[in-house]
Amino acid sequence: MTDPDRLTTLLASEPYWTAQAMQAQGSRFYRALGTALEAADATNRRRLYETWPGEFWDFYTRGLELAEAGESP
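Fair warning: this is a prediction, and the values are worked out from it, not measured in the lab.

Caption draft 1: Looking closely at the packing of aromatic side chains. Evaluated as defined, the whole model comprises six aromatic pairs. Here the aromatic rings of Phe29 and Tyr30 are separated by 5.3 Å at their centres, their planes lie at 70°, and the arrangement is edge-to-face. Seen from their ring centres, Tyr49 and Phe56 are 5.2 Å apart, and the 80° between their planes marks the pair as edge-to-face. There is no split in this pair, since Tyr49 and Phe56 are both buried. Through pairs of rings, three or more aromatic residues link up here, namely Phe29, Tyr30, Trp52 and Phe59. Sitting above the plane of the Phe59 ring, Arg62 keeps its charged end 4.4 Å from the centroid.

Structure representation (structure tokens):
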């Protein structure tokens, strides 16, 4: 999947699980980004995703795994 495709997918997704994965599984830096993602409006969410596309994609896929495992929000 290309970065533009990933960006489209990220922007269309609910950021909750991505943020949860970042806060639960990331370093201190990624935990802070997860907190920022939760608080971000659509414009700032896009900025975050455009700045760190690979990192957010990684945590997006981890978040999907958390959601599938039945973790409660």
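Caption draft 2: Highlighting the packing of helix H2 (residues 16-25) against helix H3 (residues 28-39). Remark: H2 packs on H3, axes separated minimally by 7 Å, with the N-to-C direction vectors making an angle of 155°. The angle between H2 and H3 falls in the class roughly antiparallel. Relative to H3, H2 is oriented so that their crossing is left-handed. Along the contact surface, H2 presents Tyr16, Thr18, Ala19, Gln20, Met22 and Gln23, while H3 presents Tyr30, Arg31, Leu33, Gly34, Thr35, Leu37 and Glu38. When the residues that make up the contact of H2 with H3 are grouped by side-chain class, the tally is six nonpolar, five polar and two charged.

What counts as what
Residues numbered from 1 in each chain as written. Predicted model: local features only at pLDDT ≥ 70, side-chain atom pairs only at ≥ 80, totals over all residues. Heavy atoms only, no water. Phe/Tyr/Trp six-rings, centres within 6.5 Å; stacked < 30°, edge-to-face > 60°. Buried < 20%, exposed > 50% of the residue type's maximum accessible area, 1.4 Å probe, protein only. Lys NZ or Arg CZ within 6 Å of the ring centre and 35° of its normal. Axes fitted to C-alpha atoms, helices over the stretch in contact; angles between N-to-C directions. Helix = DSSP H or I, 4+ residues; strand = E, 2+ residues; numbered from the N terminus. Parallel < 35°, antiparallel > 145°, perpendicular 65-115°, else oblique. Left-handed = near helix turned anticlockwise from the far one by under 90°. Contact = heavy atoms within 4.5 Å. Nonpolar A, V, L, I, M, F, W, Y, C, P; charged D, E, K, R; others polar.

Just distances and angles here, no functional claims.
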